[in-house]
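# Descriptive analysis of the structure
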Amino acid sequence: MIKIFQNYPLKQSNSFGLDSIAHLFIETDDQKELLDALNTNNIDQNNLLLIGTGSNILLSVPNVGTVIHAVNTDITILEVSRDSVLIKCGAGLDWDEFVEWTVSHGYGGLENLSLIPGSVGAAPIQNIGAYGTEVAIWVESVSVIDLSTSRQFTLSRDECRFGYRDSLFKDPAYRSWLVWEVIFLLDKDPRVNLTYTLLKQEFSTGYQPDIKEVREAVIRIRRSKLPDPAEIGNAGSFFKNPVISACQARLLREQYPEMPTYYHDPGTVKIPAGWLIEQCGWKGFREGHVGVYPKQALVLVNYGSATAYEVLSLADRIVESVKKSFGIKLEMEIRVI
Ligand SMILES: Cc1cc2nc3c(=O)[nH]c(=O)nc-3n(C[C@H](O)[C@H](O)[C@H](O)COP(=O)(O)OP(=O)(O)OC[C@H]3O[C@@H](n4cnc5c(N)ncnc54)[C@H](O)[C@@H]3O)c2cc1C
């Protein structure tokens, strides 16, 4: 079924709660109807905005053209082997509903990614990650429709070119590629992943939790640290954690011995952007309707009727001060539309 709305307000369709209007908003769980609608409504296929739940975007313009929102939510078990299970899921399903489903069926892998807001279709776009894992590890393939040509195809995990909060889908050249289904390869005999210290600390020494207990612990930690977008507008981590050379990190460590670093690729380390922002004194900062979340400096928040301009101005000031103090340039994790 397809629904087409004209002049559709997007305030409820982005977790920052910013105002913008879609000239056309198309919601569908049917590929053929979608392609027919795009052809018959004379839509500029090169100027489409594909969105899930809008939890990783910042709408900076008052009007966007045509928004496409997939709402296909079917889960299908494709294949079961001795150790693993292949599962196909529609792009429109709520990510955490899918994680809950996998955990309740005893399929392991995604439990550390519990409670991340968003849709299944958006998960591969920035290769969502948290608490010691990222979705790329569990994605077998992604099925896509190129809305500019109506071509349908499947990309293997390698073809998706996943990186840290990155994938091929982020390349502006592929903005007309609608992720329609994601195929996951999960463990039938799950081994829990407690590599993330904060998560490990939730359990007493020596205790071996199951994936359900890991999911519950992740949810507990996330609720204690992150603002609920239903209450305070935000898009989660505003900036990526910067990756710098091991050599630059060593020099910074001489000045800031307490600076946390995490191993990335050989010769590079990742620094928590939240720590850098906090050191520059921004944690808990508030001006008008915008601010930096008091419990997590990586999250910029909309306390009421903030504009995109206010959010971006604050982001600019943060980037500038981190650059000045640490010589590190923060990059945005969210997509500015
Ligand atoms: C409180 C909070 C906590 C968060 N925590 C984390 C975290 O721990 N780890 C993490 O990685 N992220 C986190 N995020 C970011 C966000 O949840 C993820 O990026 C999520 O995958 C976005 O899903 P969405 O459906 O809302 O995507 P949207 O925001 O709607 O879109 C994001 C991008 O994906 C594209 N897109 C969306 N759907 C499709 C589709 N079907 N086909 C093609 N392109 C599409 C959009 O064009 C856009 O470029 C958090 C956000 C919030 C608000």
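Predicted model only: the values in this text are computed from it and were never measured.

Conventions and cut-offs
Residues numbered from 1 in each chain as written. Predicted model: local features only at pLDDT ≥ 70, side-chain atom pairs only at ≥ 80, totals over all residues. Buried ≥ 20, exposed ≤ 12 C-beta atoms within 10 Å, placed from the backbone. Helix = DSSP H or I, 4+ residues; strand = E, 2+ residues; numbered from the N terminus. Arc of directions from axis to C-beta. Contact = placed C-beta atoms within 7 Å. Pairing = 2+ DSSP bridges. Domains from an automatic or database assignment. Near = placed C-beta within 6 Å. Nonpolar A, V, L, I, M, F, W, Y, C, P; charged D, E, K, R; others polar. Axes fitted to C-alpha atoms, helices over the stretch in contact; angles between N-to-C directions.

Among the residues of helix α2 (residues 95-104), those classed as buried are Trp95, Phe98, Val99, Thr102 and Val103. Take α2 and look down its axis: the buried residues cluster within an arc of 135 degrees, on one side only. On its buried face, α2 sits against β6 (75-80), β7 (84-90), β12 (177-187) and α4 (211-225). Gly106 sits one or two positions beyond α2 and adopts a positive phi of about 80 degrees.

Looking now at the pairing of strand β19 (residues 299-302). Covered by surrounding structure in β19 are Val299 and Val301 together with Leu300 and Asn302, the residues of both alternating faces. Relative to β19, strand β13 (residues 233-237) runs antiparallel, the two being bridged by 3 bridges. Within β19, the residue paired with Ser237 across the bridge is Val299.

As a further point, take the domain arrangement of the chain. We note that the domain assignment places domain 1 (2-70), domain 2 (75-223) and domain 3 (227-336) within the chain. Between domain 2 and domain 3, the C-alpha centre-to-centre distance is 25 Å.

On to the site of the ligand. As a matter of local geometry, the ligand sits amid 32 residues, with Gly52, Gly118, Gly121, Ala122 and Gly236 nearest to it. Secondary structure elements with two or more residues in the shell around the ligand: β8 (129-130), β12 and β13. No other element matches the 3 residues that β13 contributes to the shell around the ligand. Among the residues making up the shell around the ligand, the classes are represented as 18 nonpolar, 13 polar and 1 charged.

Let us now look at unusual backbone geometry. Apart from glycine, the bulk of residues carry a negative phi angle, and the bulk of peptide bonds sit in the trans form. Here Leu115, not a glycine, exhibits a phi torsion of approximately 65 degrees, which is positive. Judged by C-beta crowding, with 18 C-beta atoms within 10 Å, Leu115 ranks as partly exposed. Of note, the phi angle at Arg165 is positive, near 50 degrees, even though the residue is not glycine. Examined against the element boundaries, Arg165 turns out to sit in the loop between β11 (151-156) and β12.

Let us look at the sheet that holds β12. Spatial strand order, β6-β7-β12-β10-β11: 5 strands in an open sheet with antiparallel pairing. With partners counted over all chains shown, the strands left at the sheet margins are β6 and β11, one partner each. Across the sheet, the axes of successive neighbouring strands diverge by a mean angle of 20 degrees, strand direction being ignored. For strand β10 (residues 139-146) and β12, the ladder comprises 7 bridges, and the chain directions are antiparallel. Residue Ile145 lies in a different strand from β12, and its bridge partner there is Leu178.

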